[in-house]
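Chain and residue survey
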Amino acid sequence: MSINVYFIRHGIAADAENYPTDSERPLTEIGDRKTNKVAQQLKQLGLHFNLILTSPLVRAHQTAKILQENKLSSKVEEFLPLAPDGEINIWLKWLKTWQLQEHRELALVGHQPDLANWAEILIWGEARQVLILKKAGVIGISLPEVASPVGNSQMFWLTPPKFLLN
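Quick notes on the rules
- Numbering of residues starts from 1 in every chain and runs along the sequence as written.
- Side-chain atom pairs in this predicted model are given and counted only at pLDDT of 80 or more, local residue features only at pLDDT of at least 70, and totals for whole chains, interfaces and linings cover all residues.
- In computing side-chain values, all of the structure's heavy atoms are included and hydrogens and water are not.
- When a carboxyl oxygen of Asp or Glu is within 4 Å of a side-chain nitrogen of Lys or Arg, the pair counts as a salt bridge.
- Strands here are runs of E lasting at least two residues and helices are runs of H or I lasting at least four, both read from the DSSP assignment and numbered beginning at the N terminus.
- To form a nonpolar core, buried Ala, Val, Leu, Ile, Met, Phe, Trp, Tyr and Cys residues must be joined to one another through side-chain atoms within 4.5 Å.
- Residue burial is assigned from relative accessible area. The probe radius is 1.4 Å, only protein chains are included, and a residue is buried under 20% of its type maximum, exposed over 50%, and partly exposed in between.
- Two residues qualify as a contact provided that any one of their heavy atoms is within 4.5 Å of a heavy atom in the partner residue.
- What makes two strands pair is DSSP finding at least two bridges between them.
- A fitted line through C-alpha atoms serves as each axis, taken over the contacting stretch for helices, and the angle formed by two N-to-C directions is quoted from 0 to 180°.

A look at the pattern of salt bridges
Inspection of the entire model under this criterion finds 6 salt bridges. Between Asp22 and Arg59 there is a salt bridge, and its shortest N-O distance comes to 3.0 Å. Taken as a pair, Asp22 in the loop between β1 (3-9) and α1 (29-44) and Arg59 in helix α2 (residues 58-69) lie far apart in primary sequence, 37 residues in all.

As for the nonpolar core
Phe7, Leu53, Trp91, Trp94, Leu106 and Leu108 are the most contacted members of the largest nonpolar core, which totals 27 residues. The element that contributes the greatest number of residues to this core is helix α4 (residues 114-124), accounting for 7 residues. Those residues in contact with Leu106, other than ones at most four positions away along the chain, are Asn4, Val5, Tyr6, Phe49, Leu51, Leu53, Trp91, Trp94, Leu95 and Trp98. Listed in part, the 21 residues of the second largest apolar core include Leu47, Val109, Ala136 and Leu164.

Considerations on the sheet that holds strand β6 (residues 154-159)
Spatially, the 6 strands line up as an open sheet ordered β3-β2-β4-β1-β5-β6, and their pairing is mixed. Every other strand in the sheet has two partners, leaving β3 (76-78) and β6 as the edge strands with one partner each. Strand-to-strand twist in this sheet, taken as the mean axis angle between neighbours without regard to direction, amounts to 20°. Pairing between β1 and strand β4 (residues 105-110): 6 bridges, direction parallel. By the bridge assignment for β4, Tyr6 is matched with Ala107.

Right, here's the structure in full:
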């Protein structure tokens, strides 16, 4: 049985010029509303995550909380490598310990281009800058059980939010 990882980009955030640092930018009202609709659709599709790991930035943390409030997971944990320019290798080391448990569904909430780059590394073994993850969009990747996930994983889902907002 494989492990499914869902890369979820944060919702629409406030403009950077209105905040002292990028890390403080929250979701806008529209971003909050659209992210809630996406979360509701994901729930209707039967998704449930054993754990949601989130970037420590406000907008990602808010997105993760919306997923939790929509009962997609009971557990949300902050994970520093999901901040912009975070290292996938730190996450891969963490993943080895997490895989030892009975968990099969994991959500990572973070930022573009990092999440799309991580997905590309898992699929092709390198970041090709081809995948684009829209705000509140989802990429689903199935990780192999025995081999290294780098270059050996398979994408099964790439959905921009507009397809989840109906």
